Amino acid sequence: MDTPSSFQTDALIAEDIDAYLHAHQHKSLLRFITCGSVDDGKSTLIGRLLYDSKMIFEDQLAALESDSKRHGTQGEEIDFALLVDGLAAEREQGITIDVAYRFFTTEKRKFIVADTPGHEQYTRNMVTGASTADLAVILIDARKGMLQQTRRHSWLVHLLGIRHVVLAVNKMDLVGYDQSIFERIVADYRSFAKDIGIEDFTAIPISGFKGDNITTSPSTNTSWYAGPALIQHLETVEVDNAAAQAQPFRMPVQWVNRPNLDFRGFAGLIASGTVRVGDPVRIVPSGKTSTVKAITTFDGALQEAVAGQSVTISLTDEVDCSRGDVIAAAGDPPQASDQFSATLVWMDEEALKPGRGYWLKLGTQTVTATVQPPKYEIDVNSREHLAAKTLEMNAIGVAEFATDKPITFEPYADNRHLGGFILIDKFTNATVAAGMIAFSLRRADNVHWQPTAITREDHAGLKNQTPRVLWFTGLSGSGKSTIANEVEKQLNLMNRHTFLLDGDNVRHGLNRDLGFTEADRIENIRRVGEVAKLMVDAGLIVLTAFISPFRAERRMVRDMLPKGEFIEVFVDTPLDVAEARDVKGLYKKARSGQLKNFTGIDSPYETPENAEIRVNTVDMTPEEAARYIIGRILPLK
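What you are looking at is a predicted structure, and each value in this text was computed from that prediction instead of being measured.

**Q** How would you summarise the overall build of the chain if you had to cite specific residues and measurements?
**A** Looking only at helices and strands, the chain has 20 helices and 29 strands in total. For the chain, the proportion of its 637 residues judged to be buried stands at 51%. Across the chain, every contact between residues at least 6 apart in sequence was considered, and the portion connecting residues at least 24 apart equals 71%.

Okay, structure coming up:
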């Protein structure tokens, strides 16, 4: 006998529309994804859910019937997959490429489902869809059983912290609803799931095309099945908000609400736990403590608020708290560190550049982060650890991170809100990666800034000058070192305290272990930038002569220094002129293939976009260029 379905006409609509709208507004929301191998029936299943939940308008149904005749794969029947596969390429190939989100509702719950692609080349799309999901429906074609992509997606689901898993053995109609086939697939999956850490899952035999065990169970074709229908399980599974409420209180501050002189509150979405008026709280990372004075919402004041609610919290004390800080339970605060280990999913066509500065965004926090060369890359099919110097698109690896200031976080396995982050390219503003923090590095906890009595202002005052960095950049042979040397000679005659860091010279000592690959060039500039910063702190005028071909690294050094202390000097020399000079014979070697990764030949040079000073060595002698530069940087005090 069929279990009653929740898909039925809601009598409240006719009887009391206000009561219906109120009930609908207060339904819980479940986000879930469908994933699995190519052509396992993910899109068809979602289309069936939309159809059965009466979420398709008449004109959409008419269009679906028309599209099914032109693009469908089900003969004269309606092809439900076309409701979700919106891209022309998807319809032509009968596959999912992009992540498609769809909303539907039943009498008991609201749902947002993400249809994620099965192909390995679209791993980044699958990770995007899974990042906010509470549940994963992993589909297996009953005819094929477990495939490599089934294993890969199951591992990704576990990696991304999705606690609820449904194993939907689909296309049971094509195997005659054979119970033994279903049980064999479930046994195989159970053995695999235990191996990767999935401790529990719900297995359901279904036919997305025919509708078996989608809304009611058991269907007439699977009388041997005693479990719930898919939608019944989705309606009753625990939403992660309930689990989050049992965790310690954390609220990332999104905005400081100061409408008038008499009110100051901190607005944000509660990531976990419960907070009450009178609770002691701690501001992280500063460590300042206070007490909750009031909890305010758009609908009025509350005595208590829980995970998932957006509130404004007022404190009894005037503490320093701003966007990016986290208000937490005073007795159980989260960690704050500037170094940590994380799993990284690379999503950009341009590979990871170890040592380069990226924006790291975690909740409401945004900092500059550098990524060390990966410890290893993870083979998503075999889960083996592979040696890697970088990560290409769709690759997953583990690496260590360093940020320019401490961030507040918790391990991703404990708190997805405070453990998950994205990396953003500083120049293109493209999201290049998603990451999951594992733990803080011990050295970050054991190494602290040691305060000193003599400040950088004291050092500069003793030398009677304003310290700064003159960063000479340009092609090899442009004249950087010659001009920088001439500038230092003239500054020396003016009794100024200087030091010249030359690209060739530092490679004899400090950077002798680095080559000329893109990653080594980035690390070369990072080290020089740190040395230049220390010299500026000592009150010196520092001159650096480096090709420094990438804008990102020049900007990284600029960001190390106080505003106005980094002066970029672009030694603008055309490539043909620099190559004609070729005083070191390097261009000749590069052209003949003896020298790889040479800037201007087989490695790019990114010209400065807003250099403070530009000199053209075709029109100026080194002495003239030096006098021009000094004239631009005066006064020196």
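There's plenty left to go through after this.
**Q** Describe the packing of aromatic side chains, with residues and values.
**A** Throughout the structure, instances matching the rule amount to 15 aromatic pairs. Ring geometry for Phe340 against Phe409: centres 5.7 Å apart, planes inclined by 50°, an arrangement best described as tilted. In this pair, Phe340 is assigned in strand β17 (residues 335-346) and Phe409 in strand β22 (residues 396-409), connecting sequence segments 69 residues apart. Residue Phe340 shares its accessibility class with Phe409, and that shared class is buried. Measuring from centroid to centroid gives 6.4 Å for Phe570 and Tyr605, while their planes differ by 20°, and the two rings are stacked. Here the residue Phe570 occupies a position in strand β28 (residues 566-572), and Tyr605 occupies one in the loop between α19 (586-591) and β29 (613-616), the gap between them amounting to 35 residues. By relative accessible area, which is 16% here, Tyr605 ends up buried. Taking NZ or CZ as reference, Arg151 lies 6.0 Å from the ring centre of Phe192, over its face. One Lys or Arg, Arg555, reaches over the ring of Phe427 and ends 5.5 Å from the middle of that ring.

**Q** Give me the lowdown on the pattern of salt bridges, citing residues and values where you can.
**A** What the rule picks out here adds up to 27 salt bridges. Measuring nitrogen to oxygen at the nearest pair gives 2.8 Å for the salt bridge that ties Arg527 to Glu523. You can see Arg527 and its partner Glu523 sitting in helix α16 (residues 518-537), four residues apart, about one turn around the helix. Each member of the salt-bridge network shares a partner with another, and the members are Glu350, Lys353, Arg356, Glu518 and Glu553.

**Q** Hey, could you go over the sheet that holds strand β26 (residues 498-502) for me, with residue numbers and the actual values?
**A** Spatially, the five strands line up as an open sheet ordered β26-β27-β25-β28-β29, and their pairing is parallel. The open sheet has two edge strands, β26 and β29, and neither has a second partner. Taking each pair of neighbouring strands and ignoring which way they run, the sheet shows an average axis angle of 20°. In the sheet, strand β25 (residues 468-473) pairs with β28 via five bridges, with the strands oriented parallel. Residue pairing for β28: Val469 is matched across the bridge by Phe566. Lying over the sheet, helix α17 (residues 551-560) contacts β25 and β28, oriented at roughly 155° with respect to β28. Strands β25, β28 and β29 of the sheet are contacted by helix α20 (residues 622-633), whose axis makes an angle of about 165° with β29.

**Q** Tell me about the sheet that holds strand β3 (residues 109-115), residues and numbers included.
**A** The mixed open sheet is built from six strands, whose spatial order is β2-β3-β1-β4-β5-β6. For this open sheet the edge positions go to β2 (100-105) and β6 (202-205), each flanked by a neighbour on one side alone. Sheet twist, expressed as the mean angle between neighbouring strand axes with direction ignored, is 25°. In this structure, strand β5 (residues 164-170) lies alongside β6, joined through four bridges in parallel fashion. Across the sheet, residue Val166 finds its bridge partner in β6, namely Thr202. Sheet strands in contact with helix α6 (residues 123-130) are β1 (28-36), β2 and β3, and its direction is about 160° off that of β1. Against the sheet, helix α8 (residues 179-196) contacts β4 (135-141), β5 and β6, and its axis sits at roughly 145° relative to β5.

**Q** Please give an account of the side chain of Asn616 that cites residues and values.
**A** Relative to the helices and strands, Asn616 resides in strand β29. We classify Asn616 as buried; its relative accessible area is 18%. Among the polar contacts made by the side chain of Asn616, one reaches the main-chain amide nitrogen of Val618 at a distance of 2.9 Å.

What counts, and at which threshold
- Residues numbered from 1 in each chain as written.
- Predicted model: local features only at pLDDT ≥ 70, side-chain atom pairs only at ≥ 80, totals over all residues.
- Heavy atoms only, no water.
- Helix = DSSP H or I, 4+ residues; strand = E, 2+ residues; numbered from the N terminus.
- Buried < 20%, exposed > 50% of the residue type's maximum accessible area, 1.4 Å probe, protein only.
- Contact = heavy atoms within 4.5 Å.
- Phe/Tyr/Trp six-rings, centres within 6.5 Å; stacked < 30°, edge-to-face > 60°.
- Lys NZ or Arg CZ within 6 Å of the ring centre and 35° of its normal.
- Salt bridge = Lys/Arg side-chain N within 4 Å of Asp/Glu carboxyl O.
- Pairing = 2+ DSSP bridges.
- Axes fitted to C-alpha atoms, helices over the stretch in contact; angles between N-to-C directions.
- Polar contact = N/O pair within 3.5 Å; in protein donor to acceptor, adjacent residues only side chain to side chain.

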